[in-house]
Every structure is written in structure tokens, then in C-alpha cells.
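# Results of the structural survey
For reference, the chains in residue letters:
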Amino acid sequence: MWWFQQGLCWLPAALVVWSTTAFVLSYSIAVLLGHTDPLLPYISDTGIQVPERCVFGFMLSITSFLGAATVYVRYKQVQTLTSPSEHVLHILNALGVLLGFLSCCGMCVIANFQKTDLIGVHLFGAGLTFAAGALYILVQTGVSYRMQPRFHGKGILWGRTLVGLWSLVSILTLFVSSVIMYDEEPEVVLAVKVRWLSTEAGYVAHLVSAAAEWSLAFSFIAFFLTYIRDFQKLRLRVQAILQCNHLYNYAHYDGRVHVHHGERSPLLAGSI
């Protein structure tokens, strides 16, 4: 059996591969067509014009769906492993799934509301994605801390801690450099500003800000890499519960004998 056939580890693996491909592909198309600067554009600048705009929106929307699915599976895994008496873990787990869903919703907003069309909505989505995503990583690191050494070793904890610090440094750098950039270029219009000249006052701050944005995005991707081994030990099943033996909107008698009134199958595989 191949490693990606074990449990649900293919889910975070697919998320990592798909999201990385989305960023690299949209960036490559935008640069090759001369739609943006090749040196550290903002991620959003690689999805403004057609055709990279279509690729960016489509692939990032699927990324948000894969992210939400991964967040949910992680939530169910922690919920199943821990006992009901571990209240702190369950609170952290519930907070984590909420933050994860908010971050994925923000990503979907980024994908479908480009900055040249609705800059306010786009920035709201970016803030939601990055802020909630960074907090999700920190909360899940706290979950890992309370789960070791019973369920996994310290290696996983240290890995997630390092990624958490990486995302925290990136988001602080992004914020500070953006403030400096706007201070040096107070009249800059972010919705239309795509190309920067090295002679402009805010050029260096722009490069630092863009680099921090890319770094933050890839810290999220790196964090989901740490789920692959954990998800190899997990499968989810869905059960359909029949409330009656027909599909009419009124009482309907059916004298046939029904052997069973439920259905159990793997969540993402199998047949009914």
C-alpha cells in the first residue's frame, strides 16, 4: 500500500500540492504575459488580469474547500481521541475548527473578489484569511502540546511550534512593512498599483511586505504538511438514518419488509 492510500492522509497532501500549484501557476502566467513584476509581487497581483485571474479564482476556491475539509477532519480526530473530561482540549479543538473555517471563508473571498474590482471586500478576505489562519496554527499547536506524549511525540509538537513562530513573524512583518510603505507613499492606490519602480520611496517596504505575504502563505501550507502522518491513522464514515420507509410528503403505508434502515459507508469512498 502506498503512503497516500493510508487513511485520509491524501487530503492534507492534496491541499498542499493543489495550493502550491495554484500560487506557482498564477504567478508564472502573470509574469510570462507581462501582467506583473517578476520580483516579489503581492499574491493578489498574480490574479488580476485574464487568464491568470480565472486560474487564480478557480484553484483558490478549491483550495478553500480542501482546507475546510482538512480542518473538519482534524477536529473529528481530536474529538475522537480525547475523553469528554478533557474540557480544555475540547474548547481548543472547537475554537480551532471555527478559526479554520473562518480562514477558509476568507480565502474564498480573496479568490472571487479581486482587488481591482472590490478592494474593500478583498482586503477583508485577506485579513480574515491571514489573521484567522495564524490563530488556527497557534491553537492547533496548543492542542498538540496537550496531546503529547500520549498520542504523538515531541517531534510533531516542535515542528508545529516552529511553523507557528514562522507564521507569527511573517504576519507581524507584513503589518509593520505595510504601515511603513503607506507612510512613505501616502498617495498610493493599492487597487491599481501593480508595478513598482526601484526609485520610489516605498519600494523597499513593498518588497518586504510582499515577501512576508508569500512567507505567511507558505507557512500555512507547511503546517498542513504536519497533518499527513496523523491522517494516516484515520478514516471517517458517514451513516444515513432513515426516518421513514418512503419519500412522500404525507403518511404512506408500505407493507414491504425492510431488512435495514441505515447505511454505512466511507465518507469519501464506497457505494450506497
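Note: the structure precedes this text.
Read on for an overview of the structure. These numbers were taken from a predicted model, which means no experiment stands behind them.

For the rest of this paragraph, the subject is the overall build of the protein chain. The helix and strand tally for the protein chain stands at seven helices and two strands. Counting only contacts in the protein chain whose residues sit at least 6 apart along the sequence, the fraction spanning at least 24 positions is 74%. As displayed, the protein chain has an accessible area near 14,900 Å², and 70% of this comes from carbon and sulfur atoms.

With their axes 8 Å apart at the nearest point, helix 1 (residues 10-32) and helix 6 (residues 203-225) run at an angle of 160° to one another. With respect to helix 6, the element helix 1 is oriented roughly antiparallel. Helix 6 is crossed by helix 1, and the crossing has left-handed handedness. Facing helix 1, whose interface residues are Pro 12, Leu 15, Val 16, Ser 19, Thr 20, Phe 23 and Tyr 27, helix 6 presents Trp 214, Ala 217, Phe 218, Ile 221, Phe 224 and Leu 225. Grouping the constituent residues of the contact of helix 1 with helix 6 by class yields 11 nonpolar, two polar and no charged.

It is worth spelling out unusual backbone geometry at this point. For the bond from Val 50 to Pro 51, the omega torsion is 10°, close enough to zero to count as cis. The topology assignment puts Pro 51 in the loop between helix 1 and helix 2 (52-81). Here Gln 148 and Pro 149 are connected by a cis peptide whose omega angle stands at 5°. Residue position: Pro 149 is located in the loop between helix 4 (119-147) and helix 5 (154-184).

If you check helix 1, its first and last C-alpha atoms are 32 Å apart, about what 23 residues at 1.5 Å a residue would give, namely 33 Å. Buried residues of helix 1: Leu 11, Pro 12, Ala 13, Leu 15, Val 16, Ser 19, Ala 22, Phe 23, Ser 26 and Ala 30, and no others. In this structure, the buried side of helix 1 is in contact with helix 2, helix 6 and helix 7 (227-231). Looking at the residues trailing helix 1, positive phi occurs at Gly 34, about 70°.

Turning our attention to the state of the cysteines. Tallying each qualifying case throughout the model produces zero disulfides. Left unpaired, Cys 108 is separated from the closest cysteine sulfur, that of Cys 105, by 7.3 Å. Owing to a relative accessible area of 31%, Cys 108 belongs among the partly exposed residues under this scheme.

Okay, the packing of aromatic side chains next. Under the definition given, this model contains 13 aromatic pairs. Ring geometry for Trp 18 against Phe 58: centres 6.3 Å apart, planes inclined by 70°, an arrangement best described as edge-to-face. One end of the pair, Trp 18, is in helix 1; the other, Phe 58, is in helix 2, with 40 residues separating them in the sequence. Judged by centre distance (6.2 Å) and plane angle (50°), the rings of Phe 130 and Phe 220 are tilted.

With that settled, the discussion passes to the pattern of salt bridges. This model, assessed by the stated rule, comprises five salt bridges. One salt bridge connects Asp 117 with Arg 53, and the closest N-O pair in it is separated by 2.3 Å. Pair noted here: Asp 117 is in the loop between helix 3 (87-112) and helix 4 and Arg 53 is in helix 2, with a separation of 64 residues, a long-range link. Take Arg 53: its relative accessible area is 27%, and that puts it in the partly exposed class. Between Glu 86 and Arg 150 there is a salt bridge; the shortest N-O distance is 2.4 Å. Of this pair, Glu 86 sits in the loop between helix 2 and helix 3 while Arg 150 sits in the loop between helix 4 and helix 5, placing them 64 residues apart in sequence. Residue class for Glu 86 comes out buried when judged on its relative accessible area of 18%. Because the salt bridges share partners, they merge into one network encompassing Arg 74, Arg 160 and Asp 230.

Reading the values: rules and limits
Residues numbered from 1 in each chain as written. Predicted model: local features only at pLDDT ≥ 70, side-chain atom pairs only at ≥ 80, totals over all residues. Heavy atoms only, no water. Helix = DSSP H or I, 4+ residues; strand = E, 2+ residues; numbered from the N terminus. Contact = heavy atoms within 4.5 Å. Areas by Shrake-Rupley, 256 points an atom, 1.4 Å probe, with all protein chains shown as cover. Axes fitted to C-alpha atoms, helices over the stretch in contact; angles between N-to-C directions. Parallel < 35°, antiparallel > 145°, perpendicular 65-115°, else oblique. Left-handed = near helix turned anticlockwise from the far one by under 90°. Nonpolar A, V, L, I, M, F, W, Y, C, P; charged D, E, K, R; others polar. Expected span 1.5 Å × (residues − 1). Buried < 20%, exposed > 50% of the residue type's maximum accessible area, 1.4 Å probe, protein only. Disulfide = S-S within 2.5 Å. Phe/Tyr/Trp six-rings, centres within 6.5 Å; stacked < 30°, edge-to-face > 60°. Salt bridge = Lys/Arg side-chain N within 4 Å of Asp/Glu carboxyl O.

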